[in-house]
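This is what each chain is made of:
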Amino acid sequence: MEQPRPVVVIDFGGQYTQLIARRVREMNVYSVIVPCHVRFDDLVRMSPQAIIFSGGPASVYAPASPTSDERVLRLGVPLLGICYGLQWMAAKLGGKVERADRREYGFAQLEVSPPTELLADLPSPLRVWNSHGDHVTEVPPGFRVTGRTENAVSAIENSAARMYAVEFHPEVRHTDRGCDILRRFVLDIAKAKPNWFPQSFIEETVERVREQVGDARALCALSGGVDSAVAATLVGRAIGDRLTCVFVNNGLLRKNEFEQVTRSLQDRVKLRVCAVDRSDRCLARLRGVVDPEQKRKIIGEEFIRVFEDEARAVGDVEFLVQGTLYPDVIESVSVRGPAATIKSHHNVGGLPANLKFRLIEPLRELFKDEVRAVGRELGLDGAILNRQPFPGPGLAVRIVGEVTEERLRMVREADAVVLEEVRAAGLYDRLWQSFAVLLPVSSVGVMGDSRTYASTIAVRAVESDDGMTADWAKLPAGVLERISTGIVNKVEGVNRVVFDITSKPPGTIEWE
Ligand code: XMP
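All values derive from a computational prediction rather than experimental measurement. (Residues numbered from 1 in each chain as written. Predicted model: local features only at pLDDT ≥ 70, side-chain atom pairs only at ≥ 80, totals over all residues. Heavy atoms only, no water.)

Turning next to the sheet that holds strand β6 (residues 126-138). Pairing is mixed across the open sheet formed by 9 strands, whose spatial order is β2-β1-β3-β4-β9-β8-β7-β5-β6. Edge strands, defined here as strands with exactly one partner in the open sheet, are β2 (31-35) and β6. The sheet shows a mean angle of 25 degrees between the axes of neighbouring strands, direction not considered. Two strands pair when backbone bridges link them, and strand β1 (residues 7-11) and strand β3 (residues 50-53) are joined in this way by 4 bridges, in the parallel orientation. Paired with V7 across the bridge in β3 is A50. Where helix α1 (residues 17-26) meets the sheet, it contacts β1, β2, β3 and β4 (79-82), and its direction lies at approximately 160 degrees from that of β2. Running over the sheet, helix α4 (residues 178-189) touches β1, β3, β4, β6 and β9 (163-166) and is turned about 165 degrees from β4. (Pairing = 2+ DSSP bridges. Helix = DSSP H or I, 4+ residues; strand = E, 2+ residues; numbered from the N terminus. Axes fitted to C-alpha atoms, helices over the stretch in contact; angles between N-to-C directions. Contact = heavy atoms within 4.5 Å.)

Many structure descriptions define interface size as the accessible area lost when the parts assemble. Domain boundaries assigned for the chain yield domain 1 (7-189), domain 2 (198-385) and domain 3 (404-499). For domain 2 versus domain 3, the separation of C-alpha centres amounts to 29 Å. Contacts between domain 2 and domain 3 engage 6 residues on the former and 7 residues on the latter. Summed over both partners, the interface of domain 2 with domain 3 buries about 560 Å², with 56% contributed by carbon and sulfur atoms. In terms of surface lost to domain 3, no three residues of domain 2 exceed R254, K255 and L283, which account for 68% of the buried area on that side. Our count for the contact surface shared by domain 2 and domain 3 stands at 1 salt bridge. Linking K255 and E413 is a salt bridge whose minimum nitrogen-to-oxygen distance equals 3.3 Å. Here domain 2 and domain 3 share 3 residue pairs in polar contact (both at pLDDT 80 or more) between them. (Domains from an automatic or database assignment. Buried area = accessible area lost by both parts, 1.4 Å probe. Salt bridge = Lys/Arg side-chain N within 4 Å of Asp/Glu carboxyl O. Polar contact = N/O pair within 3.5 Å; in protein donor to acceptor, adjacent residues only side chain to side chain.)

The full count for this structure, using the stated rule, is 30 salt bridges. Across the pair R23 and E26 runs a salt bridge, and its minimum N-O distance is 3.1 Å. Here R23 and its partner E26 are both found in helix α1, 3 residues apart, which amounts to about one turn of the helix. Residue classification places R23 among the buried residues on the basis of a relative accessible area of 6%. The shortest N-O distance in the salt bridge between K295 and E512 comes to 2.8 Å. On the criterion of sequence distance, the pair formed by K295 in helix α9 (residues 292-314) and E512 in the segment after β18 (494-499) is long-range, its members being 217 residues apart. Neither K295 nor E512 differs from the other in exposure class; each is buried. Counted as one network, the salt bridges with shared partners bring together R281, R285, E301, E302 and R305. (Buried < 20%, exposed > 50% of the residue type's maximum accessible area, 1.4 Å probe, protein only.)

This part covers the sheet that holds strand β10 (residues 217-222). Backbone-to-backbone hydrogen bonds join strands into a sheet, with any given pair of strands oriented parallel or antiparallel. Across the sheet, which stays open at both edges, the 5 strands sit in the order β12-β11-β10-β13-β14 with parallel pairing between neighbours. In this open sheet, the two strands that pair with only one neighbour each are β12 (273-277) and β14 (358-360). Strand-to-strand twist in this sheet, taken as the mean axis angle between neighbours without regard to direction, amounts to 30 degrees. Note that strand β11 (residues 243-249) and β12 share 5 bridges and pair parallel. In the sheet register, C245 faces β12, and the bridge partner there is V273. In the packing of α9 onto the sheet, contacts are made with β10, β11, β12 and β13 (317-321), and the angle to β10 comes to roughly 155 degrees.

Let us look at helix α5 (residues 198-213). An α-helical turn contains 3.6 residues, so a residue and the one three or four places further along point in the same direction. With 16 residues, α5 ought to run about 22 Å at 1.5 Å a step, and its terminal C-alpha atoms sit 22 Å apart, in line with that. Considered for burial, the residues of α5 that qualify are S200, F201, I202, E204, T205, V206, V209 and V213. Next to the buried residues of α5 lie α6 (226-239), β13, β14 and α11 (368-378). Once α5 finishes, G214 follows within two positions and takes phi at roughly 60 degrees, a positive value. (Expected span 1.5 Å × (residues − 1).)

Residue P505 is bonded to the preceding K504 through a cis peptide linkage, with omega at -15 degrees. Locating P505 in the fold gives a position in the segment after β18. Following P505, the chain continues into P506 via a peptide bond in cis, with omega recorded as 10 degrees. On the secondary structure map, P506 appears in the segment after β18. The phi dihedral of S47 falls on the positive side, at around 50 degrees, and the residue is not glycine. Judged by relative accessible area, which is 30%, S47 ranks as partly exposed.

One can describe the packing of helix α13 (residues 405-424) onto helix α14 (residues 477-490) by two numbers: an axis separation of 9 Å at closest approach and a directional angle of 150 degrees. On the basis of their axis angle, the class for α13 and α14 is roughly antiparallel. By crossing handedness, the relation of α13 to α14 is classed as right-handed. Of the residues in α14, those touching α13 at A414, V417, V418, E420, E421 and V422 are V479, R482, I483, G486, I487 and K490. For the contact of α13 with α14, the per-class residue count stands at 7 nonpolar, 1 polar and 4 charged. (Parallel < 35°, antiparallel > 145°, perpendicular 65-115°, else oblique. Left-handed = near helix turned anticlockwise from the far one by under 90°. Nonpolar A, V, L, I, M, F, W, Y, C, P; charged D, E, K, R; others polar.)

With respect to the secondary-structure elements, D227 resides in helix α6. In this structure D227 comes out as buried when scored by relative accessible area, which is 16%.

What follows concerns the side chain of N158. Along the polypeptide, N158 turns up in strand β8 (residues 153-158). Judged by relative accessible area, which is 12%, N158 ranks as buried. Those residues in contact with N158 that sit more than four places away from it in its chain are P141, G142, F143 and M163.

Before going further, it helps to examine the layout of surface pockets. Taken as a whole, the second largest pocket holds about 430 Å³ of empty space. When residues of the lining of the second largest pocket are traced back to their parent elements, those giving at least two are α7 (257-267), α12 (382-385) and α13. In the lining of the second largest pocket, the residues fall into 6 nonpolar, 4 polar and 9 charged. In terms of domain composition, the lining of the second largest pocket takes at least three residues from each of domain 2 (198-385) and domain 3 (404-499). (1 Å grid on protein atoms, 1.4 Å probe; cavity = no way out; pocket = protein on both sides within 12 Å on 5 of 7 lines; lining within 4 Å. Points joined across faces, edges and corners; volume = space filled by probe spheres on them.)

Now the structure itself:
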């Protein structure tokens, strides 16, 4: 099966670039992001159905502002510029862009001026979301103004040349009917084919992996999460039991997690899973360690050791399966500079380079919601598909201070109460994460007629799109009350429960 022709998003470093590609894919149209300095030949080779120029923080007239090969403007496929994309198109096509007297950030009212192909059938005024400091003062030849806000030209088009541009952001939810505007461009104007379905992705990927691996063997580390489970299932479909999955119990998993995940993957999707119990060894090495980075390092080392042992036991392993996702591989125009390392993340992506495997990354082209859709199609268990993220170092980073059997028991039991109540309230899928953290703080309490001096649990619940930023979740008081009572009643050794009301930034989601 052939790869579908993409709608290419050319990235000028905008904060919403990924969102544009996602919106296009939500229409079942394949979309990819390329940096603006992509080579023209490479772009032509992709055979785009249409091109969208993203926004970006720069000013088109600033020295060294991001630019793209101008031949793309004459490629003959439909073009849509968004924000900086509009300014770049206008400047290159003979119009004029200047610094605005008044910058426009936030909501604005768009007055639509028909005739317009792109903005046809929309109410006027339309509430749109703006974020720009420059505006078009002279429209390029062949274009007409099709929309204005109070301060600026906000939409232009040259329908004969199939070029369209808007100053506002149709890809963000704050713009009313924004998705309709993108649909109009992608489906009606560009007539892009909606042939990007989980089923076609599965067939094509299975075929590709089969070719890539040939008769060789592959190994996959499972984390219990959705990405590694879907990656493994796809590869399993391709090469059957020449794939061995390794799922390590490091003693830091949640209640019943090891058994449930193993059983589900073996029974439902028929994967060959080596469930390796290293909890004693891992916990022994963690004894006395309180430094968070040290904990992460030890857990990472143990994981790699297990992995090496399994590879040796299977013998002849040539390939390693990883659940890398599209957001991790997009070569985006970075305007923020290299991200500072805040915590060292240990996950399956963190295997050292000297493990001499070739990589299979079947999810490299997918966003998280697409991975879930593929997983659903593959028949994976809902409990795995919709699972909230769980960090590689597990409960160790949710125990502030030393990890002991006793402290693990407390955090594990408390975590089970949090999840039970969150699920019962129907909130599980709405929250990015919800969990318990054990603090190294004891306090005085009273239970029955006696005084207690026992541990404290912090409850953390956050909403987020990608884990990069997060808001603390405003859980209903009734849910908080049931969590608090449940923990104190069920978890021996805990007499106090507090709720974490820190967002990220300034906090991180995990406590360590
Ligand atoms: P922080 O705590 O940095 O976490 O705000 C952001 C997201 O990443 C998860 N996380 C990890 N995931 N290995 C992982 O696979 C790790 O070491 C790790 N540390 C944090 C965290 O749960 C949150 O979703």
